[in-house]
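Commentary on secondary and tertiary structure
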Amino acid sequence: MERTTISHEDACIHEFSPDLEAADTVEDGASLTFETIDSLDGEIQTEDQVLESVPDDVNPASGPVAVEGATPGDVLEVEIEEVRVNEDRGRVVTTPGFGLLQDHDDIEHPHTRITDVEGDSITFGDLEIDIQPVVGTIGVAPEDDTYSTLVPHDHGGNLDTTDVTTGTTAYFPVFQDGAMLAMGDSKAAMADGEMCGTGAEIGTDVDVTVRVIDDPEVTLQRPLVETADSWKTIASAETMADAVERANRDLVRLLEREHDLDPTDAYLLSSLVGGLEISQVVDPLVTARNAIPKQYLTNPF
């Protein structure tokens, strides 16, 4: 099957809105390559260039792409076949008023470190760090409100989740006809939490295959990620307490159906075999996930 290319040079967005217009429309089951630019839109190339504030337009997301047959209530399956860096450097920055340690006097704001790509690694001073590309911003058109590509929510958006990478599959609730998939804000490497506010921000080429799950047995309210050995519910909220509560609530619903349990027993089971993980703690909303091994949860769709 011919692969469709969606380039940031031709179509990108800086907000997810309910009325997005498609840059392209593809068939259910289509294979695509999203060509993305780094989250700072190429503005930082050397270490003497710094970010004095978070730009109004940040995290350009290539797309959106409409998928034929996707209607509200469906689920959009996005199989991430490969994420490849497409430039020779990344950049890690601090920005005034942004990041976990933004108010600490001994942390320099603003500051930039360039991470050169050397083979399968990036350099950080004398250190070599394995390249493990992550797609930071990925999502669909939301149900009602409009969200900057800096913001994560039920539609996806700036999830900054390390599991959104080569070999995993992301699932999104469809709120609008066509779903309207867009993605960008990739990192060559990033730790869970994204503490300083960035990973090694870099451009990537992302190969995906999209499929529509119509009339799913499980109603998806927020993103879900499938890894080789786990399913992970993902939720974002103003506080980490609220985010982990939502991620746990979503997992409980899946366990209820899988094992024919009432909500209480499903909740107890989640406390035995689930596992809370932090995605990011620096965006306008924070994001968490709850992982369940596949031995306790089969494909919910």
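Described in the following lines is the structure provided in the data block. (Residues numbered from 1 in each chain as written. Predicted model: local features only at pLDDT ≥ 70, side-chain atom pairs only at ≥ 80, totals over all residues. Heavy atoms only, no water.)

1. A look at the overall build of the chain
Broken down by element type, the chain carries 2 helices and 22 strands. Relative to its length of 301 residues, the chain is compact, with a C-alpha radius of gyration of 19 Å against a globular reference of 19 Å. The 301 residues of the chain split such that 54% are buried. Across the chain, the fraction of contacts at a sequence separation of at least 24, relative to all contacts at a separation of at least 6, is 77%. Of the accessible surface of the chain, which amounts to about 13000 Å², a share of 43% is contributed by carbon and sulfur atoms. Across the chain, the mean location of the 15 positive side-chain charges is 5 Å away from that of the 65 negative side-chain charges. (Helix = DSSP H or I, 4+ residues; strand = E, 2+ residues; numbered from the N terminus. Rg over C-alpha atoms; globule rule 2.2 N^0.38 Å. Buried < 20%, exposed > 50% of the residue type's maximum accessible area, 1.4 Å probe, protein only. Contact = heavy atoms within 4.5 Å. Areas by Shrake-Rupley, 256 points an atom, 1.4 Å probe, with all protein chains shown as cover. Lys, Arg positive; Asp, Glu negative; His and termini not counted. Charge placed at Lys NZ, Arg CZ, Asp CG, Glu CD.)

2. Description of the nonpolar core
L32, F34, L76, V78, I138, V208 and V210 are the most contacted members of the largest nonpolar core, which totals 29 residues. Those elements that place two or more of their residues in this core are β5 (31-35), β6 (61-67), β7 (75-85), β12 (134-139), β16 (169-173), β17 (181-187) and β18 (204-213). With residues near it in sequence (within four places) discarded, L76 still touches V67, V140, A170, Y171, F172, V174, A179, L181, V210, R211 and V212. (Core = buried A, V, L, I, M, F, W, Y, C linked by side-chain atoms within 4.5 Å.)

3. Digging into the sheet that holds β5
As summarised here, the arrangement of the 9 strands in space is β1-β5-β18-β7-β16-β19-β20-β22-β21, forming an open sheet in which the pairing is mixed. Among the strands making up the open sheet, the edge pair consists of β1 (4-7) and β21 (275-280). Here the strands of the sheet are splayed against their neighbours by 25 degrees on average, with no regard to which way each runs. Pairing of β7 with β18 involves 10 bridges; the strand directions are antiparallel. Bridging from a neighbouring strand, I80 pairs with V208 of β18. Running at roughly 30 degrees to strand β22 (residues 286-293), helix α1 (residues 240-259) makes contact with β19 (224-226), β20 (230-237), β21 and β22 of the sheet. (Pairing = 2+ DSSP bridges. Axes fitted to C-alpha atoms, helices over the stretch in contact; angles between N-to-C directions.)

4. Side note on the pattern of salt bridges
Tallying each qualifying case throughout the model produces 24 salt bridges. Across the pair R84 and D207 runs a salt bridge, and its minimum N-O distance is 2.6 Å. Taken together, the residues span a long stretch of sequence, with R84 in strand β7 and D207 in strand β18 at a distance of 123 residues. Its relative accessible area of 28% is what places R84 among the partly exposed residues. Members of the salt-bridge network, linked through shared partners, are D160, D185, K187, E194 and E201. (Salt bridge = Lys/Arg side-chain N within 4 Å of Asp/Glu carboxyl O.)

5. Overview of the sheet that holds strand β9 (residues 111-118)
The 4 strands are arranged β8-β9-β10-β11 in an open sheet whose pairing can be described as antiparallel. Whereas interior strands pair on both sides, the edge strands pair on one side only; in this sheet they are β8 (89-94) and β11 (127-130). Pairs of neighbouring strands in the sheet enclose a mean axial angle of 30 degrees, with direction left out of account. Examined bridge by bridge, β8 and β9 share 6 bridges and lie antiparallel to one another. From the neighbouring strand, V93 faces β9, where its bridge partner is T112.

6. Observations regarding α1
Under the 1.5 Å per step criterion, the end-to-end length of α1 is 28 Å for 20 residues, consistent within 8% with the ideal 28 Å. When we look at burial in α1, the residues that qualify are A243, A247, N248, D250, L251, V252, L254 and L255. On its buried side, α1 packs onto β19, β20, α2 (263-273) and β22. Positive phi appears at D260, one or two residues downstream of α1, with a value of about 55 degrees. (Expected span 1.5 Å × (residues − 1).)

7. Brief notes about the packing of aromatic side chains
As enumerated under the stated definition, the model contains 2 aromatic pairs in all. Judged by centre distance (5.7 Å) and plane angle (40 degrees), the rings of Y171 and W231 are tilted. In this pair, Y171 is assigned in strand β16 and W231 in strand β20, connecting sequence segments 60 residues apart. For the pair Y171 and W231, one class covers both residues: buried. Ring centres of Y171 and F301 lie 5.0 Å apart, and the angle between their planes is 35 degrees; on these two criteria the pair is classed as tilted. Of this pair, Y171 sits in strand β16 while F301 sits in the segment after β22; the two residues are 130 residues apart in sequence, bridging distant segments of the chain. Here Y171 falls in the buried class, since its relative accessible area comes to 2%. Here the aromatic residues Y171, W231 and F301 are joined through ring pairs into a cluster of three or more. (Phe/Tyr/Trp six-rings, centres within 6.5 Å; stacked < 30°, edge-to-face > 60°.)

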